[in-house]
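Structural description and commentary
Residue strings, one per chain:
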Amino acid sequence: MPEMKSIRKLDAVVVGAGFGGMYMAYKLREMGLDFVGFEAADDVGGVWYWNRYPGARCDLMSVDYSYGFSREIEQEWTWSEQFAAQPEILAYAKFVADRLNLRPLFQFETRVVSAKWDDDRSLWIVATDKGDVFEATYCIMATGPLSVPKEPEFGPLSNFKGELYRTASWPKENVSFEGKRVGLIGTGSTGIQVVPEVAKEAKELYVFQRTPSFTMPMRNTKFDDEFTSELKRHYPQIRSVAYNSPLGGVRPQSTRPYFSIPLEQRQSLMEDAWKQGGLAFLGTFSDLLINEEANEEVAEFVRGKIRQVVKDPETAEKLIPRGYPIFARRPCLDTHYYEAFNQPNVHLIDCIGNEIERLSDNAVHTQNETVELDALIIATGFDGMTGALLNFEVTGKGGLPLADKWADGASSYLGMMMHGFPNMFLICGPNGPAVLANIISLNEQNVDWICALIDHISETGQHCFEVTQEAEDQWMDEVRSLAELTLVSKAKTWYTGANIQGKPRGLTVYTGGFKRYRDSCDEIAAKGYEPLVLN
Ligand code: NA7
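A brief look at the structure comes next. Counting starts from 1 at the beginning of each chain's written sequence and moves along it residue by residue. Two thresholds apply to this predicted model, a pLDDT of at least 70 for residue-level local features and 80 or more for giving and counting side-chain atom pairs, whereas whole-chain, interface and lining totals are computed over all residues. Calculated side-chain values reflect all of the structure's heavy atoms, with hydrogen atoms and water omitted.

Here we take up the pairing of strand β6 (residues 133–141). Of all the nine residues making up β6, seven are buried; the element is thus mostly covered by neighbouring parts of the structure. Paired strands, in this sense, are two strands between which DSSP finds at least two bridges. Elements are defined by DSSP. Helices are runs of H or I of four residues or more, strands are runs of E of two residues or more, and each kind is numbered from the N terminus. Relative to β6, strand β1 (residues 7–15) is paired through eight bridges, and the arrangement is parallel. Bridging across to β6, Val-13 finds its partner in Cys-139. Pairing of strand β5 (residues 123–128) with β6 involves four bridges; the strand directions are antiparallel. If you follow Trp-124 over to β6, its bridge partner there is Ala-136. Between β5 and β6, which follow one another and run antiparallel, lie four residues, and Gly-131 among them has a positive phi close to 85°. Partly exposed residues are those whose accessible area sits between 20% and 50% of the maximum for their type, while under 20% is buried and over 50% is exposed, using a 1.4 Å probe and protein chains only.

And the structure:
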């Protein structure tokens, strides 16, 4: 007879110890709730725990990409540069966990394998891979939009018998590519960060590129003491600007439409934006994500820069993105990416019309060539937005599997709740502004809103909430109609599910901006959460 484990009764479970789960755990403890957090990794950090590949760096500024809920943490933690690298962000997550004593709130190295709603008792039954079962009033998913790597079509990866690395689960120990023939598959934000780093070491680096990405120079800068003390003095103002902006961050914005000024001036502003680096273009003109002609002129400007940097014209033409709007795929920020292709040891393998067919013991085989390798790095992206939530068994009312609810595409209310899944919260779920806004600001906003709702439910003496189908449909109509206004859905990306074979297509992101989203959430709270049925 297998040992019967006792069932523990809780107010809540939290799945995930990334920045969303950590803040949620902090708040639930403040509220005095009995809860447990679960995390598959052996420590906090979420996406920054796993993605420790060479060159990993956040493409949002460290000042934005940090918690604003604690004045103490803001003052005690010091960022070293404008765009922080993965080791520093992970160190920050660990610092916060230490400072707030969050680790005891989580069971690490534990995966949730199922979360099932019990209709009769109105609670969630949550089972883990350790064989433990918990019953909880609330089930809170802080599973992150980018936690399940995509399985590439040319698998299985185990066919390759050389050194195999996945950027999304990079080993903790140091990896050396010195003297090795290295292959890299994937040229999204991740691959673009990997190339210049591995190019420094590898004997040969073969970059397998299918869709070229637009990337702009990051032009990262170190913070000096004077800047840091000014920064720390102004955090309250910085947060206030961030929370009231469409991006949830302190990036510059513009009200200037692209064609409102003459060509010469446009060119000069674009030169400035290129020199400034980061996402300065988006702060230079107001309509680059809605005006196709403006977008194409900026794209052409960037194509010209690629031609200037890359010395071999044939390689430059292959690296130049075409056929989709700039900024519709997530714009990458690089440090000497195009320059790396001027090195004699870096080779571009164009996979357009030359798809990767399979891996063998020591090679990648495309339709037209075989490339022999000692090591292979897989940077083929993620099953974004929905992957983590569909990675285990989640069933709602009447035993409805989440996979069935989302069979035609992910629907939700505010990216935080779903009809048919009472007392379940998603932090930064699909159809919220996650991934187009600063996800740390959004984590904080979502957690605060959810906790206020939990308080409200207990104040009313109820135990259960469910969003109505009508409210969810209305929200989804708004998400879709806003999506039609932008060019973001016009590229084949993980934003739309188009990177995964068989996944329903559609932009599952609220494109109205962080501020407008936050206002909508606040209004719903102020009106007593009318779209929710409490019982
Ligand atoms: P992305 O942006 O989804 O990029 C994945 C890359 O992998 C992309 O260039 C893909 O080309 C490529 N890919 C995927 N499958 C294949 C196959 N079969 N053959 C060749 N190339 C392939 O993921 P990232 O990890 O780079 O970035 C994700 C987010 O992390 C980013 O947006 C930031 O928010 C941070 P494709 O486009 O499919 O032709």
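Additional details are given in the paragraphs that follow.
Attention now moves to the site of the ligand. By nearness alone, 21 residues border the ligand, and Glu-153, Thr-190, Arg-210, Thr-211 and Arg-330 come closest of all. Glu-153 places a polar side-chain atom, nitrogen or oxygen, 2.6 Å from a nitrogen atom of the ligand. Distance and chemistry together define a polar contact, namely a pair of N or O atoms within 3.5 Å, with one atom able to donate a hydrogen and the other to accept it when in protein, and with adjacent residues in sequence counting only for side-chain atoms on both sides. In this structure, Thr-211 approaches the ligand through a side-chain N or O atom, which is 2.5 Å from an oxygen atom. When the residues that make up the shell around the ligand are grouped by side-chain class, the tally is seven nonpolar, eight polar and six charged. Domain assignment of the residues forming the shell around the ligand places at least three in each of domain 1 (7–148 + 384–534) and domain 2 (157–378). Nearness is defined per residue: one heavy atom within 4 Å of the molecule or strand is enough. Gly is put with the polar residues, along with every residue not named as nonpolar or charged; the nonpolar set is Ala, Val, Leu, Ile, Met, Phe, Trp, Tyr, Cys and Pro, and the charged set is Asp, Glu, Lys and Arg. Boundary definitions for the domains trace back to an automatic or database domain assignment.

Next up on the list: the pattern of salt bridges. Definition used for salt bridges: Asp or Glu carboxyl oxygen within 4 Å of a side-chain nitrogen of Lys or Arg. Scanning the entire structure with this criterion turns up 40 salt bridges. With a shortest N-O distance of 2.8 Å, Asp-59 and Arg-330 are connected by a salt bridge. Pair noted here: Asp-59 is in the loop between α2 (47–50) and α3 (71–76) and Arg-330 is in the loop between α10 (313–319) and β11 (332–334), with a separation of 271 residues, a long-range link. A relative accessible area of 25% places Arg-330 in the partly exposed class. A salt bridge links Asp-383 to Lys-503; its shortest N-O distance comes to 2.5 Å. In this pair, Asp-383 sits in the loop between β16 (375–378) and β17 (393–395) while Lys-503 sits in the loop between α14 (469–485) and α15 (514–526), placing the two residues 120 residues apart along the sequence. A relative accessible area of 16% means that Lys-503 is categorised as buried.

Multiplying one less than the number of residues by 1.5 Å gives the expected span of a helix. For α15, which comprises 13 residues, the first-to-last C-alpha distance of 18 Å matches the rise-based estimate of 18 Å (1.5 Å per residue) to within 8%. The complete set of buried residues in α15 reads Phe-514, Tyr-517, Arg-518, Ser-520, Cys-521 and Ile-524. All buried residues of α15 lie within an arc of 155° about the axis, which places them on one face of the element. By definition, residues are in contact when any of their heavy atoms lie within 4.5 Å. Buried residues belonging to α15 abut α7 (235–243), α13 (439–459) and α14. Two residues or fewer past α15, Gly-528 is found with a positive phi of approximately 80°. The arc under discussion is defined with respect to the helix axis, by the directions toward the C-beta atoms.

Remark: helix α6 (residues 225–233) packs on α7, axes separated minimally by 5 Å, with the N-to-C direction vectors making an angle of 65°. Viewed along their axes, α6 and α7 adopt a mutual orientation that is roughly perpendicular. Seen from α6, the contacting residues are Leu-231, Lys-232 and Arg-233; seen from α7, they are Tyr-235, Pro-236, Gln-237 and Ile-238. Within the contact of α6 with α7, the residues separate by chemical class into four nonpolar, one polar and two charged. With axes taken as lines fitted to C-alpha atoms, and helix axes fitted only over the stretch in contact, angles between N-to-C directions fall between 0 and 180 degrees. Orientation labels follow simple angle bins: below 35 degrees gives roughly parallel, above 145 gives roughly antiparallel, 65 to 115 gives roughly perpendicular, and whatever is left gives oblique.

Under the pairing criterion, centres of Phe, Tyr and Trp rings, with the six-membered ring standing for Trp, must be within 6.5 Å; the plane angle then separates stacked pairs below 30 degrees from edge-to-face pairs above 60, leaving the rest tilted. One pass over the full model with this rule turns up 36 aromatic pairs. Here the aromatic residues Phe-19, Tyr-23, Tyr-26, Trp-48, Tyr-65, Tyr-67, Phe-69, Trp-77, Trp-79, Tyr-92 and Phe-95 are joined through ring pairs into a cluster of three or more. Of note, Arg-329 hangs over the ring of Tyr-324, and the distance from its end group to the ring centre comes to 5.5 Å. Charge-over-ring placement is defined geometrically: NZ (Lys) or CZ (Arg) within 6 Å of the ring centre, and within 35 degrees of the ring normal.

Attention shifts here to the nonpolar core. As used in this record, nonpolar core signifies buried Ala, Val, Leu, Ile, Met, Phe, Trp, Tyr and Cys residues forming a set joined through side-chain atoms within 4.5 Å. Residues Leu-28, Leu-414 and Met-417 are the most contacted members of the largest nonpolar core, which totals 81 residues. It is α13 that provides the largest number of residues to this core, a total of 10 residues. Residues from two domains meet in this core; each of domain 1 (7–148 + 384–534) and domain 2 (157–378) gives at least three. Those residues in contact with Met-417 that lie beyond four places of it in its chain are Ser-412, Met-424, Phe-425, Trp-449, Leu-453, Phe-465, Val-467, Glu-472 and Leu-532. If you look at the next biggest cluster of nonpolar residues, it comprises 58 residues, including Phe-177, Ile-192, Ala-273 and Ile-326.

Our focus in this paragraph is the packing of α13 against α15. Closest axis-to-axis distance for the α13/α15 pair is 11 Å, and the angle between their directions is 5°. Regarding the angle of α13 to α15, the classification is roughly parallel. Counted together, Ser-441, Leu-442, Gln-445, Asn-446 and Trp-449 of α13 and Phe-514, Tyr-517, Arg-518, Cys-521, Asp-522, Ile-524 and Ala-525 of α15 form the full contact between these two elements.

Moving on, we get to the environment of Glu-293. With respect to the secondary-structure elements, Glu-293 resides in helix α9 (residues 292–309). Between the C-alpha atom of Glu-293 and that of Pro-325, which follows or precedes it by 32 residues, the distance is 9.6 Å.

Listed in full, the buried residues belonging to α7 are Tyr-235, Ile-238, Arg-239 and Ala-242. Buried residues along α7 cover an arc of 95° about the axis, so they all sit on one side. Lining the buried residues of α7 we find α3, α6 and α15.

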